[in-house]
Amino acid sequence: MSSSFSFVFPETQSTVLPDPSTYFSSNLLSSPLPTNSFFQNYVIPNGSQPEYIHPYLIQTSNSSLSASYPFLLFTTALLYQAFVPDLTISSTQTLSTPQNRVISSFSDLGITLDIPSSNLRFFLSRGSPFITASVTSSTSLSFTTLHTILSLSPNNDKNTKYTLKLNNTQTWLIYASSPIYLNHDGASRVTSKPFFGIIRVAVLPDPNYATILDKFSSSYPLSGDATLQEPFRLVYQWQKAGSGDLLMLAHPLHVKLLSSKNNGQITVLSDFKYRSIDGDLVGVVGDSWVLETDSIPVKWYSNKGVEKDSYDEIVSALVKDVQKLNSSAIGTNSSYFYGKRVGRAARLALIAEEVSFSKVVPTIKDFLKEAIEPWLDGTFVGNGFLYENKWSGLVTKLGSTDSTADFGFGVYNDHHYHLGYFLYGIAVLAKIDPEWGQKYKPQVYSLVTDFMNLGQRYSKIYPRLRCFDLYMLHSWAAGVTEFEDGRNQESTSEAVNAYYSAALVGLAYGDSNLVATGSTLVALEILAAQTWWHVKVEDNLYEEEFAKDNRIVGILWANKRDSKLWWASAECRECRLGIQVLPLLPITETLFSDADYVKELVEWTFPSLSSEGWKGMTYALQGIYDKQAALKNIRTLTGFDDGNSYSNLLWWIHSR
């Protein structure tokens with residue numbers, strides 16, 4: 001993504017966005033700030049909700065940091081981790097004029113959190129079994145717990161390691177870079193004599209892990225970068241301090257992708273595990289990881305082609321669907337629903353090309369131009385894209401004064417969903433009309449860069465990868481709203497559509513970098529959806545009780561798995577299936593490549609089918625393992641999801 005396309009949409013001042021400045025240090029305020037990060041709760045009012053920084057839930061205040069090694073709680077409807085302050089670190093006396101805690105730096109894989117009132121600086125690294133604090137000047141420390149302390153014992157005569165046992169069965173290890181003198185001060189508090197240096201604490205999930213934690217207690221991560229080095233390859237690199245090798249934790253998808261190419265640089269400790277809502281976290285020794293995925297070709301058309309003898313049926317549907325196109329009758333100002341209509345029409349053009357019926361393409365092209373141009377040149381009546389510089393990004397005209405308009409687009413919710421639909425239509429239009437594509441290229445790249453900027457080198461007006469989480473390897477949708485359970489994402493398929501569409505924009509413009517970035521993020525998003533959203537009993541990732549009742553997750557939170565949706569109850573199984581399938585595209589085949597799982601999902605959904613639109617999505621998946629039955633079902637439909645069409649369903653079934 002070249003910085004030569006730095007078009008800026010008209011500027012606006014949002015009346016609904018919270019002010020970001022309170023918990024960011026002032027040196028960070030001059031650059032675009034993240035709006036969907038793993039630490040977002042710390043930097044939006046009131047900054048008091050915990051965040052899940054694997055394997056700990058961590059909550060901060062202006063004088064302390066509290067850590068929880070959370071238990072997993074579950075019912076048939078949800079799984080979640082409850083925050084309990086197992087260990088709170090502060091100083092015994094705080095400054096008379098307390099200062100705000102601040103994030104003084106952040107990276108893809110961690111943050112530095114300063115608590116000046118207590119002379120504490122925390123290096124919070126995602127996937128570190130240790131919580132690391134730098135005590136910046138001689139300070140007497142306090143360790144408190146909600147539980148009762150059973151014992152505190154020094155492990156050596158150097159007084160650099162202590163074992164703390166609590167009455168909730170937990171054992172915590174406390175390491176210090178130089179001698180520290182701790183005193184068990186009452187039922188639930190430990191204090192120290194003045195200390196200056198590095199403190200590291202770690203929960204001990206298994207007594208056998210103590211020797212491993214001892215061995216790696218001296219090397220700590222300061223920050224970590226994740227770099228998309230080439231297509232389908234992501235490299236983690238930690239900056240570390242102290243001595244010795246770095247011990248970190250990998251979630252199940254990391255373990256799957258850790259490349260044989262860096263086996264020499266890392267050691268996987270498969271018997272060293274911490275529990276987490278995302279599955280067991282496994283020890284990995286080494287400060288550089290290479291994660292590699294299989295390559296996924298991003299293509300305009302279906303993978304295997306459409307059966308010739310079905311062309312007539314598809315063409316007859318196309319003629320009817322194209323006849324109904326009327327840009328002045330789209331009938332919505334919503335950036336989401338409007339984008340879906342654009343994407344739906346663009347599908348018709350590609351289907352027409354694939355079944356050699358290019359006669360309808362000029363009509364579709366005219367529709368797409370009339371529908372998309374007003375959003376790009378600011379003439380759309382009733383809404384439009386604007387730029388706001390508080391958090392540096394696109395908002396809609398409606399969203400700039402109403403935080404609920406456009407599903408919260410104005411508070412940075414769902415950006416990849418809405419923009420993904422527009423970009424699909426734009427990619428197709430730029431493909432069939434390259435001259436149009438060149439004319440609007442600056443605006444198009446501004447839309448792409450809003451959520452796919454790789455960093456300040458590429459664009460200084462948008463933050464790095466607004467939605468995609470380079471540790472979890474999938475996107476978040478939630479924006480700058482404070483949530484008890486952290487960020488969340490509902491529709492993985494719409495996230496897949498966003499990066500797929502961006503890659504298609506790259507194809508249309510001959511931009512190999514954009515194709516590579518989009519394809520890699522698509523591949524990771526798909527693997528994450530298959531790992532955490534697609535519930536397979538045999539994977540043993542989720543508790544049996546939850547896995548037995550749910551074939552698919554509704555909303556996935558950083559700290560919770562929910563069977564319900566934002567807009568529908570858990571009982572609406574067709575809604576849960578549909579929102580993880582739409583829009584139906586060639587890439588859907590890769591997302592749902594496991595036919596056995598698909599059959600389970602469809603059979604689990606069938607009893608709840610009632611809406612024509614959702615039936616279409618369910619029958620589409622049925623077509624993966626039973627094409628004839630699905631075709632029969634699709635031919636009976638009387639209505640379709642607003643982003644789908646009869647032509648698209650026939651194309652899908654006939655390309656199985």
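Please read all numbers here as calculations on a predicted model, not as lab measurements.

Caption draft 1: The packing of aromatic side chains, seen in detail. Using the criterion set out here, one finds 44 aromatic pairs in the structure. Ring geometry for Tyr336 against Tyr421: centres 5.8 Å apart, planes inclined by 80°, an arrangement best described as edge-to-face. Of this pair, Tyr336 sits in helix α4 (residues 335-354) while Tyr421 sits in helix α6 (residues 415-432), placing them 85 residues apart in sequence. The pair Tyr336 / Tyr421 is uniform in exposure class, with both members buried. A ring pair is formed by Phe483 and Trp557, whose centres lie 5.3 Å apart and whose planes are at 75°; its orientation type is edge-to-face. Of the two residues, Phe483 sits in the loop between β27 (474-475) and β28 (488-489) while Trp557 sits in strand β29 (residues 555-557), which places them 74 residues apart along the sequence. Both residues of the pair, Phe483 and Trp557, belong to the buried class. Here a set of aromatic residues connected by ring pairs shows up, and it is made of Phe7, Phe9, Tyr338, Trp375, Phe380, Phe385, Phe409 and Phe422. The residue whose ring lies beneath Arg101 is Tyr23, and the NZ or CZ to ring-centre distance is 4.4 Å. Directly above the aromatic system of Trp651 lies the positively charged group of Arg347, at a separation of 4.3 Å from the ring centroid.

Caption draft 2: Just the UniProt feature "domain: Glycosyl hydrolase family 81 C-terminal" (unreviewed entry) in the chain, in detail. The positions UniProt marks with the feature "domain: Glycosyl hydrolase family 81 C-terminal" (unreviewed entry) are residues 306-652. The span residues 306-652 carries 53% helix and 6% strand; its end-to-end C-alpha distance comes to 8 Å.

Caption draft 3: The side chain of Gln443, seen in detail. Looking at the secondary structure, you find Gln443 in helix α8 (residues 441-452). What makes Gln443 buried here is its relative accessible area of 11%. Apart from the residues lying within four places of it in its own chain, the contact partners of Gln443 are Phe7, Phe9 and Leu376.

Caption draft 4: Focus on the packing of α4 against helix α5 (residues 361-377). Where α4 contacts α5, the axes come no closer than 10 Å and their chain directions differ by 155°. With respect to their mutual orientation, α4 and α5 come out roughly antiparallel. As for the relative orientation of α4 and α5, their crossing is left-handed in sense. Within the contact between the two elements, α4 uses Ser335, Tyr338, Arg341, Val342, Ala345, Ala346, Leu348, Ala349, Ala352 and Glu353 and α5 uses Val361, Ile364, Phe367, Leu368, Ala371, Ile372 and Trp375. Taken together, the residues of the contact of α4 with α5 break down into 14 nonpolar, one polar and two charged.

Caption draft 5: Spotlight on the sheet that holds strand β4 (residues 72-74). One open sheet holds the five strands; their spatial order is β4-β5-β30-β29-β28, and the pairing between them is antiparallel. The sheet is open, and its two edges are formed by β4 and β28, each paired on a single side.

Caption draft 6: Region of interest: empty space enclosed by the protein. In this structure the tally under the stated criterion is six cavities of 30 Å³ or more. Space inside the largest cavity adds up to approximately 80 Å³. Around the largest cavity, the lining residues are Ser37, Phe38, Glu51, Tyr52, His54, Arg126, Asp278, Asp469, Met472, Trp476, Arg487 and Ala558. Taken together, the residues of the lining of the largest cavity break down into five nonpolar, two polar and five charged.

Caption draft 7: Region of the structure containing the side chain of Ser335. Tracing the backbone shows Ser335 in helix α4. The buried category is assigned to Ser335, whose relative accessible area is 0%.

Caption draft 8: Quick peek at the sheet that holds strand β19 (residues 233-242). The three strands are arranged β18-β19-β23 in an open sheet whose pairing can be described as antiparallel. The outermost strands of the open sheet, each flanked by one partner alone, are β18 (219-230) and β23 (288-292). Going across the sheet, the axis of each strand differs from the next one's by a mean of 15°, ignoring polarity. With five bridges joining them, β19 and β23 adopt antiparallel strand pairing.

Caption draft 9: Quick look at the layout of surface pockets. One number sums up the size of the largest pocket: a volume of about 950 Å³. As for the largest pocket, its lining consists of 40 residues, of which Asp108, Leu454, Gly455, Arg464 and Leu470 are closest to the centre. Mapped by element, the contributors of at least two residues to the lining of the largest pocket are β7 (102-107), β18, β26 (468-469) and α10 (512-533). Its residues placed into classes, the lining of the largest pocket shows 21 nonpolar, 11 polar and eight charged. Counted as a void, the second largest pocket has a volume near 590 Å³. Ranked by the residues each element gives to the lining of the second largest pocket, the list is headed by α4, at three residues.

Parameters and conventions
- Residues numbered from 1 in each chain as written.
- Predicted model: local features only at pLDDT ≥ 70, side-chain atom pairs only at ≥ 80, totals over all residues.
- Heavy atoms only, no water.
- Phe/Tyr/Trp six-rings, centres within 6.5 Å; stacked < 30°, edge-to-face > 60°.
- Helix = DSSP H or I, 4+ residues; strand = E, 2+ residues; numbered from the N terminus.
- Buried < 20%, exposed > 50% of the residue type's maximum accessible area, 1.4 Å probe, protein only.
- Lys NZ or Arg CZ within 6 Å of the ring centre and 35° of its normal.
- UniProt positions renumbered as here; feature names shortened; annotations may be inferred.
- Contact = heavy atoms within 4.5 Å.
- Axes fitted to C-alpha atoms, helices over the stretch in contact; angles between N-to-C directions.
- Parallel < 35°, antiparallel > 145°, perpendicular 65-115°, else oblique.
- Left-handed = near helix turned anticlockwise from the far one by under 90°.
- Nonpolar A, V, L, I, M, F, W, Y, C, P; charged D, E, K, R; others polar.
- Pairing = 2+ DSSP bridges.
- 1 Å grid on protein atoms, 1.4 Å probe; cavity = no way out; pocket = protein on both sides within 12 Å on 5 of 7 lines; lining within 4 Å.
- Points joined across faces, edges and corners; volume = space filled by probe spheres on them.

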